[in-house]
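Here are the chains, one letter per residue:
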Amino acid sequence: MAAINHELEFLLSLNGVEFRLLSGHVIKIDARTVAATGSRPHGLKYSLTLHDASGQRIYGMDNAHGIRRRSEYDHRHQYGRRKIVGYVYRGPAELLADFYREVERILTERGNDDRPH
């Protein structure tokens with residue numbers, strides 16, 4: 001019997017979920033399993049994005065497409081810049097933690113602290 005990867009199951013359970021924050025920002029999560037390839041060696045296709053109140057994506061992490069000089073598709077769309085940088089995927093829990101850490105930083109920088117008090 002194969003062991004259940006609870007971290008992966010949790011991430012997959014968030015597929016299609018959108019969280020609307022009090023500030024109007026929206027977090028969108030898409031995650032599904034795919035065949036493992038050289039581009040997606042972990043067998044996961046994901047997109048985690050933060051949108052402003054008008055719906056414009058202002059930050060994101062995904063592996064939907066390739067980036068220069070990397071065989072893996074994992075990358076980040078940086079906040080405030082039109083730059084894509086590589087991301088080292090270390091697992092589902094780390095992906096979520098890295099994403100939410102950056103979302104918190106961005107919201108604080110924008111003066112929109114949506115954290116529970």
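## Remarks on the sheet that holds strand 4 (residues 57–62)
Right, so step 1: Spatially, 1-2-3-4-5-6 is the arrangement adopted by the six strands of the open sheet, whose pairing is antiparallel. Strands at the two margins of the open sheet, each flanked by one partner only, are strand 1 (17–20) and strand 6 (84–86). Taken pair by pair, the neighbouring strands of this sheet meet at an average axis angle of 10°, ignoring direction.
Right, so step 2: Helix 1 (residues 6–13) contacts strand 1, strand 2 (26–33) and strand 3 (44–51) of the sheet and is inclined by roughly 125° relative to strand 2.
Right, so step 3: Running at roughly 10° to strand 3, helix 2 (residues 92–109) makes contact with strand 1, strand 2, strand 3 and strand 4 of the sheet.

## Thoughts on the environment of Leu48
Right, so step 1: In this fold, Leu48 is placed in strand 3.
Right, so step 2: Considered as a pair, Leu48 and Asp62 are 14 residues apart in the sequence and their alpha carbons are 6.3 Å apart.

## Some points on the pairing of strand 2
Right, so step 1: The pairing of strand 1 with strand 2 spans four bridges and is antiparallel. Considered in strand 2, the bridge of Arg20 is made with Val26.
Right, so step 2: Here strand 1 folds back onto strand 2, and the loop between the two strands holds five residues, one of which, Gly24, carries a positive phi near 100°.
Right, so step 3: Pairing between strand 2 and strand 3: eight bridges, direction antiparallel.

What counts and what doesn't
- Residues numbered from 1 in each chain as written.
- Predicted model: local features only at pLDDT ≥ 70, side-chain atom pairs only at ≥ 80, totals over all residues.
- Heavy atoms only, no water.
- Pairing = 2+ DSSP bridges.
- Helix = DSSP H or I, 4+ residues; strand = E, 2+ residues; numbered from the N terminus.
- Axes fitted to C-alpha atoms, helices over the stretch in contact; angles between N-to-C directions.
- Contact = heavy atoms within 4.5 Å.

Interpretation in functional terms is not warranted from these geometric data alone.
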